[in-house]
Amino acid sequence: MVHSKKPKASRADPILASLSKNALRMSDVQLLHGPHWLNDAILNFYFAYLEEIKYKSNMDFLFVTPEMSQCMLYMDDKELHGLLVSQHQVLRKPFIFIAVNDSHSRDRGGAHWSLVVASRPDKSFFHFDSYGGGNTNCSLELVNNIKDVLDMQHARFRGMRCLQQSNDYDCGIHVICMADQLTDYVNRYDSVDGVQPLHQDVIKAKRNQLIKLVASLGQHI
């Protein structure tokens, strides 16, 4: 099982918003204000937001945070079964959204994010990579490790056409925007097939939207 310790308050770096055990500190939110890579905390927090708030009543979706996907890469079938089947009822989930990092360590790290969507209706693992497919090998490695436990042994791995980032730091923003677009599309059509690439305007607007989201959720702390 993956456990996260509840973060402690800090005057120097206070918590600005918290969901379940995923918290954002001031230093995390500052990354949204400029040309910076997003860290694990922001991706973890946003995927928690999708699951706990935006799609709380949607039993078809499972959102796998970067923290969780990194652990899954090194788990055996017994450990994966305990996490995904017993804890998250993954066999009842038609759509699983997985943030993938290119780190080859159990600890946090890596320099690039991409998004894998496991779709039972499409019998496919869809891979959306905003940086020329640089994360394909890492995503394939993860898919090969989890497909038996997901009971998706015969699903295809499909690299999908998507908007490419115009710099070297916006991969996390692309993953968040693609997760937004894909969940909305799947809600309408019950399939990932046919989804169109994002527009650049969506990427440009997302950092400010995230800052506003954190501020609104922070009111409840």
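Residues numbered from 1 in each chain as written. Predicted model: local features only at pLDDT ≥ 70, side-chain atom pairs only at ≥ 80, totals over all residues. Heavy atoms only, no water.

1. Let's talk about the nonpolar core
Here's step 1: With 47 residues, the main nonpolar core has Phe47, Leu115, Val117, Phe128, Leu182 and Val192 as its most contacted residues.
Here's step 2: Contributing elements (two or more residues each) for this core: β1 (15-19), α2 (40-54), β3 (61-64), β4 (95-101), β5 (113-119), β6 (124-128), α6 (171-189) and α7 (200-218).
Here's step 3: The leading source of residues in this core is α6, at 10 residues.
Here's step 4: The contacts of Leu182, once residues within four sequence positions are left out, are Phe97, Leu115, Val117, Phe128, Val192 and Val195.
Here's step 5: Core analysis: the second largest hydrophobic core is formed by 25 residues, Val85, Ile98, Val149 and Ala155 among them. (Core = buried A, V, L, I, M, F, W, Y, C linked by side-chain atoms within 4.5 Å. Buried < 20%, exposed > 50% of the residue type's maximum accessible area, 1.4 Å probe, protein only. Helix = DSSP H or I, 4+ residues; strand = E, 2+ residues; numbered from the N terminus. Contact = heavy atoms within 4.5 Å.)

2. Focus on the environment of Leu43
Here's step 1: By the secondary structure assignment, Leu43 is in helix α2.
Here's step 2: Spatially, the C-alpha atoms of Leu43 and Pro66 are 6.8 Å apart, while their sequence positions differ by 23 residues.
Here's step 3: Not counting chain neighbours up to four residues away, the residues in contact with Leu43 comprise Leu38, Pro66, Trp113, Gly172, Val175 and Ile176.

3. Re the sheet that holds β6
Here's step 1: Judged by pairing direction, the sheet is mixed, and its five strands sit side by side in the order β3-β4-β5-β6-β7 without closing on themselves. For this open sheet the edge positions go to β3 and β7 (156-160), each flanked by a neighbour on one side alone. Ignoring which end each strand starts from, the neighbouring axes of this sheet average 20 degrees apart.
Here's step 2: Along the sheet, α2 makes contact with β3, β4 and β5, crossing β3 at roughly 165 degrees.
Here's step 3: Packing against the sheet, helix α5 (residues 136-146) makes contact with β4, β5, β6 and β7, and its axis sits at approximately 135 degrees to β4. (Pairing = 2+ DSSP bridges. Axes fitted to C-alpha atoms, helices over the stretch in contact; angles between N-to-C directions.)

4. Considerations on unusual backbone geometry
Here's step 1: At Asp151, a position not held by glycine, the phi torsion is positive, near 60 degrees.
Here's step 2: As for its placement among the helices and strands, Asp151 is situated in the loop between α5 and β7.
Here's step 3: Phi at Asp190 is positive, roughly 55 degrees, even though this residue is not glycine.
Here's step 4: Examined against the element boundaries, Asp190 turns out to sit in the loop between α6 and α7.
Here's step 5: The class for Asp190 is partly exposed, based on a relative accessible area of 46%.

5. Considerations on the packing of aromatic side chains
Here's step 1: Within the structure shown, the criterion is met by nine aromatic pairs.
Here's step 2: Taking the centre distance of 6.1 Å and the plane angle of 85 degrees together, the rings of Phe61 and Phe95 count as edge-to-face. Remark: Phe95 occurs in strand β4 and Phe61 occurs in strand β3; sequence separation between them is 34 residues. No difference in accessibility class separates Phe61 from Phe95, as the two residues are buried.
Here's step 3: Aromatic pair Phe61 and Phe97: ring centres 5.2 Å apart, planes at 80 degrees, arrangement edge-to-face. With a gap of 36 residues between them, Phe61 in strand β3 and Phe97 in strand β4 connect regions that are remote in the sequence.
Here's step 4: A relative accessible area of 4% means that Phe61 is categorised as buried.
Here's step 5: Judged by its relative accessible area of 0%, Phe97 falls in the buried class.
Here's step 6: Here the aromatic cluster, defined as three or more aromatic residues joined through ring pairs, consists of Phe47, Tyr55, Phe61, Phe63, Phe95 and Phe97. (Phe/Tyr/Trp six-rings, centres within 6.5 Å; stacked < 30°, edge-to-face > 60°.)

6. Quick look at the packing of α6 against α7
Here's step 1: Running from N to C, α6 and α7 point in directions that differ by 95 degrees, and their axes come no closer than 10 Å. With respect to α7, the axis of α6 lies roughly perpendicular. Two secondary-structure elements touch here, α6 through Ile173, His174, Ile176, Cys177 and Asp180 and α7 through Val202, Ile203, Lys206, Arg207 and Leu210.
Here's step 2: Here the contact of α6 with α7 is composed, by residue class, of six nonpolar, one polar and three charged. (Parallel < 35°, antiparallel > 145°, perpendicular 65-115°, else oblique. Nonpolar A, V, L, I, M, F, W, Y, C, P; charged D, E, K, R; others polar.)

7. Focus: the confidence of the model for the protein
It should be kept in mind that the predicted coordinates are not to be read in detail where pLDDT is low.
Here's step 1: Overall, the predicted model of the protein reaches an average pLDDT of 91, with 91% of residues at or above 70.
Here's step 2: The least confident element of the protein, judged by mean pLDDT, is helix α3 (residues 66-72) at 90; the most confident is β6 at 98.
Here's step 3: The model gives residues 1-6 a pLDDT under 50, and that stretch makes seven contacts with residues more than four places away or in other chains. (pLDDT = per-residue confidence, 0-100.)

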